[in-house]
Protein chains: 2
Amino acid sequence: MEYYSEQISKLIEELGRLPGIGSKSAQRLAFYLINQPMESVQHLSDTIVNARKNVRYCVECCTLTDREVCPICASAKRDHKTIMVVENPRDLAAYEKTGQYKGVYHVLHGAISPALQIGPNDIKLKELLVRLQKEVDEVIIATNSNLEGEATAALISQLVKPTGIRVSRIANGVPVGGDLEYIDEVTLMRALEGRVEL
Amino acid sequence: MEYYSEQISKLIEELGRLPGIGSKSAQRLAFYLINQPMESVQHLSDTIVNARKNVRYCVECCTLTDREVCPICASAKRDHKTIMVVENPRDLAAYEKTGQYKGVYHVLHGAISPALQIGPNDIKLKELLVRLQKEVDEVIIATNSNLEGEATAALISQLVKPTGIRVSRIANGVPVGGDLEYIDEVTLMRALEGRVEL
């Protein structure tokens, strides 16, 4: 990128390495940052470094947090005997937004994938099994509904069943407000299979 | 965003303020950064701050650069009597990528827009007029082909004409490789008006 001077090119290059930021967005972001007041830029920069420095895994559920135990695991209002297993903290946040789930979580930080060579030891699965030695009523598997998520769900189900703890999987079906004509056949079939009597 | 601990929420919030980064992308970016090695994160952070600190306007053409005079204005290989006027450094880069333009540039950093209350004094227009006091053969106006860009082009043309310097505007027309059926009517009309004899 010889059309920009060195420091601008470097900045565009660095930003362009971030996930989901293409070369056009990187350019737009770089010029935006260069035009911001020095304090805002310094503040953004500090926030990034501090978050990286202070954020770690919750010792209970493995979500990312800046405390030893995350606010959900530390809360006496939550049902600690129900554990929802999710792939990452964004999925946890998605369920928290519903405001309806009162149990706790377990964050795997991934899903098993032979294609990407991600095995059971590459995700926080051992940590889940350790938690099951305490009193647990139910493990709800909320991994994604794709190949990796389903394989992970199957493996967890297989590992949990011998313990006698109830294992469940979140339902597949038509999204609320979803227009049937735009929904894929597999989902439609699953929605039919999972039909609920009225 | 109470579902994340404070430092993560702050990071997501800061990233979400960047242009073109929605709340989903901000979350994805935040977790990506938290999972990167500390050195990479520190390096990104330093690159941002340094670029902001050291980048300024080229004293000649007003593009952003980390030197007093940008590489294009400093180059003896360029034709300093031909000035292409663009709205921002990304447009300059777009023309540089063609490798065909041998003149120099003038970067306005915007376009006049009554709607956004951006007037002639809010862009680098005075700086252009100062440059025209030196020996200049032609001013090529390459502002965007939208309302603001056209208004800016009209104003510049009006200001330059009395000086006797040639003023031109880049052509409107069908993009190369463009499929006619997908091109808007105004462009098609302009392409017709600007037809070239073969």
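Remember, it's a predicted structure, so these values are computed and weren't measured experimentally.

## Looking at the overall build of chain A
Of the regular secondary structure elements, chain A holds eight helices and six strands. In chain A, the succession of helices and strands from N to C terminus is α-α-α-β-β-α-β-α-β-α-β-α-β-α. Here the C-alpha coordinates of chain A stretch approximately 65 × 45 × 35 Å along the principal axes. In chain A, buried positions account for 42% of the 198 residues. Pairs at least 24 residues apart make up 47% of the contacts formed inside chain A by residues separated by at least 6 positions. As displayed, chain A offers around 11,200 Å² of accessible surface, 52% of which is attributable to carbon and sulfur atoms.

## Here we look at the state of the cysteines
Among covalent bonds in proteins, the disulfide is the one between the sulfur atoms of two cysteines. Residues and elements named next belong to chain A. Overall, the coordinates contain zero disulfides over all chains when judged by the stated rule. As a non-bridged cysteine, Cys 61 has Cys 73 as the owner of its nearest cysteine sulfur, 3.7 Å distant. Look at Cys 61 and you get buried, because its relative accessible area is 1%.

## Let's talk about the relation of the copies chain B and chain A
Look at the two chain copies: a rotation about an axis and a shift along it is all it takes to match them. At an RMSD of 0.1 Å, chain B and chain A line up after a rotation of 180° and a shift of 0.0 Å along the axis. Taken together, these values place the two copies in the relation of a two-fold axis. The rotation axis passes nearest to the C-alpha of Ser45(B) in chain B, at a distance of 2.5 Å.

## Some details on the pattern of salt bridges
Per the stated rule, a full pass over the model turns up 16 salt bridges over all chains. Linked through salt bridges whose partners overlap, the residues forming this network are Glu13(A), Glu14(A) and Arg17(A).

## Observations concerning the sheet that holds strand 6 (residues 166-169) of chain A
Residue and element names in this part refer to chain A. With parallel pairing, four strands are arranged side by side in an open sheet as 4-3-5-6. Looking at strand neighbours, the two that pair on one side only are strand 4 (103-107) and strand 6, the edges of this open sheet. Taken pair by pair, the neighbouring strands of this sheet meet at an average axis angle of 25°, ignoring direction. Here four bridges tie strand 5 (residues 138-141) to strand 6, and the two strands are oriented parallel to one another. The partner of Val 139 across the bridge, within strand 6, is Val 167. Of the strands in this sheet, strand 3 (79-86) and strand 4 touch helix 5 (residues 89-98), which is tilted by about 160° from strand 4. Seen against the sheet, helix 7 (residues 147-160) touches strand 3, strand 5 and strand 6 and runs at an angle of roughly 170° to strand 6.

## So, the environment of Pro89(B)
In this fold, Pro89(B) is placed in helix 5 (residues 89-98). Judged by relative accessible area, Pro89(B) falls into the buried class, the value being 4%. The spatial distance from the C-alpha of Pro89(B) to the C-alpha of Cys62(B) is 9.1 Å, given a sequence separation of 27 residues. Among residues more than four places away in sequence, those in contact with Pro89(B) are Tyr4(A), Phe31(A), Thr63(B), Leu64(B), Val107(B) and His109(B).

## Comments concerning the sheet that holds strand 6 (residues 166-169) of chain B
All names here are of chain B. The strand order across the open sheet formed by four strands is 4-3-5-6, and the pairing between neighbours is parallel. The open sheet is flanked by strand 4 (103-107) and strand 6, the only strands paired with a single partner. Strand-to-strand, the axes of this sheet are offset by a mean angle of 25°, without reference to chain direction. Here strand 3 (residues 79-86) pairs with strand 4 via five bridges, running parallel. Within strand 4, the position partnered with Val 86 by the bridge is Val 107. Along the sheet, helix 5 makes contact with strand 3 and strand 4, crossing strand 4 at roughly 160°. Most of the contacts of helix 7 (residues 147-160) go to strand 6, to which it runs at about 170°, and overall it touches strand 3, strand 5 (138-141) and strand 6.

## Quick word on the pairing of strand 3 of chain B
Residues and elements named next belong to chain B. What joins strand 3 to strand 4 is helix 5, and the crossover it makes is right-handed. By the bridge criterion, four bridges tie strand 3 to strand 5 in an arrangement that is parallel. Among the inter-strand pairings, Ile 83 is bridged to a residue of strand 5, identified as Val 139.

## Concerning the packing of helix 1 (residues 6-16) of chain B against helix 2 (residues 23-34) of chain B
Residue and element names in this part refer to chain B. Following both chains from N to C, one finds helix 1 and helix 2 inclined at 125°, their axes separated by 8 Å at the closest point. By the angle class used here, helix 1 and helix 2 are oblique. The element helix 1 and its partner helix 2 pack so that their crossing is right-handed. Along its contact with helix 1, which presents Ile 8, Leu 11, Ile 12, Leu 15 and Gly 16, the element helix 2 presents Ala 26, Gln 27, Leu 29, Ala 30, Phe 31, Leu 33 and Ile 34. Considering only residue class, the contact of helix 1 with helix 2 consists of ten nonpolar, two polar and no charged.

Rules behind the numbers
Residues numbered from 1 in each chain as written. Chains lettered and ligands numbered in written order. Predicted model: local features only at pLDDT ≥ 70, side-chain atom pairs only at ≥ 80, totals over all residues. Heavy atoms only, no water. Helix = DSSP H or I, 4+ residues; strand = E, 2+ residues; numbered from the N terminus. Buried < 20%, exposed > 50% of the residue type's maximum accessible area, 1.4 Å probe, protein only. Contact = heavy atoms within 4.5 Å. Areas by Shrake-Rupley, 256 points an atom, 1.4 Å probe, with all protein chains shown as cover. Disulfide = S-S within 2.5 Å. Least-squares fit on C-alpha atoms with pLDDT ≥ 70 in both. Salt bridge = Lys/Arg side-chain N within 4 Å of Asp/Glu carboxyl O. Pairing = 2+ DSSP bridges. Axes fitted to C-alpha atoms, helices over the stretch in contact; angles between N-to-C directions. Right-handed = clockwise from strand over helix to strand, strands pointing away. Parallel < 35°, antiparallel > 145°, perpendicular 65-115°, else oblique. Left-handed = near helix turned anticlockwise from the far one by under 90°. Nonpolar A, V, L, I, M, F, W, Y, C, P; charged D, E, K, R; others polar.

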